[in-house]
Amino acid sequence: MPVLVIPGAGDLIAFANGLNAMAMLDTRIKQIVTSPLDPLADGLARMGGGANALTVVGFAIGLVAAALIADESFLMGIAFLTLNRLADVLDGMVARRMGTTPIGGFLDASLDLFVYAAIPFAFALAHQQDALAACFLLMGLMVSAIPGLVARASMPEQAKRRVLTLCGHSETFIAFALMCVAPRWMFSLIAYFYGALCFFSAGVSFASAVVQIRATEKS
């Protein structure tokens, strides 16, 4: 008679680690982008250009991207969303040169989340017949962000770095770009697929955070 083997938390986290290594593009994208931006970051740091100001500028650019998408100017929306992502990378580079601050981390996380909420809402305005798919995507993005945000507030630095995330900034940007360039009938398919992936990512992040918290309590 076959024996049903139920995987333990360690097995699930090992599996999620494998997925995380394959899925997360942020590290690779940042390695590609940071080299060309290094001279600009050095110049801004020498001039005393604040990372927080860059964060706010990037946020404003992100809102422009959302407005363009709502107006069905999708290619321009992608262009401004790309600038938003570059500003996000650049403000982190400047912050590391000038010294990170708690307010900087707070602004970066909060305003990024605001933009990520604004983009699906913009798609709902542009494709009102697909508003349900846009709402599902919006909920998935917000749910996937919860474990990481709570980990920032409640976990030691070393433990929070090990919390797994499958849907990062780069994956989300690619999903938004695909929604902009794909035929309208494909929007719902992409939105439901990425929204479901966000829910799965949230589950992986939640399980990972629980394991890290328990490990911290035992140490």
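Anything mentioned here points back to the structure above.
Participant: Quick question: what am I supposed to make of the overall build of the protein here?
Facilitator: Along the backbone of the protein there are 9 helices and 0 strands. For the protein, the sequential pattern of α-helices and β-strands runs α-α-α-α-α-α-α-α-α. With 219 residues in all, the protein has 42% of them scored as buried. A sequence separation of at least 24 residues applies to 83% of the contacts in the protein between residues at least 6 apart. When the accessible surface of the protein is totalled, it reaches about 12100 Å², and 71% of it is carbon and sulfur.

Participant: I tried to follow the packing of helix H5 (residues 102–126) against helix H8 (residues 169–181) on my own but got confused; where do I start?
Facilitator: Pairs of packed helices are described in terms of their axes, by the angle between the two and the distance that separates them. For the pair H5 and H8, interaxial distance at closest approach is 12 Å and the crossing angle is 20 degrees. Considering their axes alone, H5 and H8 lie roughly parallel with respect to each other. Viewed along their axes, H5 and H8 form a crossing whose handedness is left-handed. The residues of H8 that touch H5, namely those facing Asp112, Tyr116, Ile119, Pro120 and Phe123, are His169, Thr172, Phe176, Met179 and Cys180. Here the residues of the contact of H5 with H8 are counted per class, giving 7 nonpolar, 2 polar and 1 charged.

Participant: Sorry, what's going on with the packing of aromatic side chains here?
Facilitator: When we look at a pair of aromatic rings, we describe it by the centre distance and by the angle of the planes. Within the structure shown, the criterion is met by 7 aromatic pairs. Taken together, a centroid distance of 5.1 Å and an interplanar angle of 40 degrees make the contact between phenylalanine 123 and phenylalanine 187 tilted. Here phenylalanine 187 lies in helix H9 (residues 187–218) and phenylalanine 123 lies in helix H5, a separation of 64 residues in the sequence. Grouping residues by exposure puts phenylalanine 123 and phenylalanine 187 together as buried. For the pair phenylalanine 136 and tyrosine 192, a centre-to-centre distance of 5.4 Å together with 50 degrees between the ring planes defines the contact as tilted.

Participant: I'm lost on unusual backbone geometry in this one. Help?
Facilitator: Trans is the common state for peptide bonds, and a negative phi is the common state for residues other than glycine. Unusually for a residue other than glycine, glutamate 72 sits at a positive phi of about 65 degrees. With respect to the helices and strands, glutamate 72 occurs in the loop between helix H3 (51–70) and helix H4 (74–98).

Participant: How should I be thinking about the nonpolar core in this particular structure?
Facilitator: Buried together is how nonpolar side chains tend to be arranged in soluble globular proteins. In this structure, Ile119, Phe123, Phe176 and Met179 are the most contacted members of the largest nonpolar core, which totals 33 residues. Secondary structure elements with two or more residues in this core: H3, H4, H5, helix H6 (131–154), H8 and H9. Grouped together as the second largest cluster of nonpolar side chains are 10 residues, Leu37, Val89, Met93 and Ala95 included.

The rules behind each value
One numbering rule holds for all chains: residues counted from 1, following each sequence as written. For this predicted model, a pLDDT threshold of at least 70 governs which residues receive local features, and a threshold of 80 or more governs which side-chain atom pairs are given and counted, while totals over whole chains, interfaces and linings are taken from all residues. To obtain the side-chain values, all non-hydrogen atoms of the structure were used and water was disregarded. Working definition: helices are DSSP H or I runs of at least four residues, strands are E runs of at least two. Numbering for both runs from the N terminus. Type-normalised accessible area, obtained with a 1.4 Å probe on protein chains alone, sets the label of each residue: buried when under 20%, exposed when over 50%, and partly exposed for intermediate values. The contact rule is simple, with two residues in contact once any of their heavy atoms fall within 4.5 Å. Reported accessibility uses the Shrake-Rupley method at a 1.4 Å probe radius. Residues are deemed covered only where the shown protein chains occlude them. Helix axes are fitted to C-alpha atoms over the stretch in contact, other axes to C-alpha atoms as well, and angles between N-to-C directions run from 0 to 180 degrees. Roughly parallel here means an angle under 35 degrees, roughly antiparallel means over 145, roughly perpendicular means 65 to 115, and every remaining angle is called oblique. When the near helix sits turned anticlockwise from the far one by under a right angle, the crossing is termed left-handed; a clockwise turn instead gives a right-handed crossing. Three categories are distinguished: nonpolar for Ala, Val, Leu, Ile, Met, Phe, Trp, Tyr, Cys and Pro, charged for Asp, Glu, Lys and Arg, and polar for the others, with Gly belonging to the last. A pair of aromatic rings is counted whenever rings of Phe, Tyr or Trp (Trp by its six-membered ring) have centres within 6.5 Å, and the orientation is called stacked for planes under 30 degrees apart, edge-to-face for over 60 and tilted otherwise. Nine residue types can take part in a nonpolar core, namely buried Ala, Val, Leu, Ile, Met, Phe, Trp, Tyr and Cys, and a core is a set of them joined through side-chain atoms within 4.5 Å.

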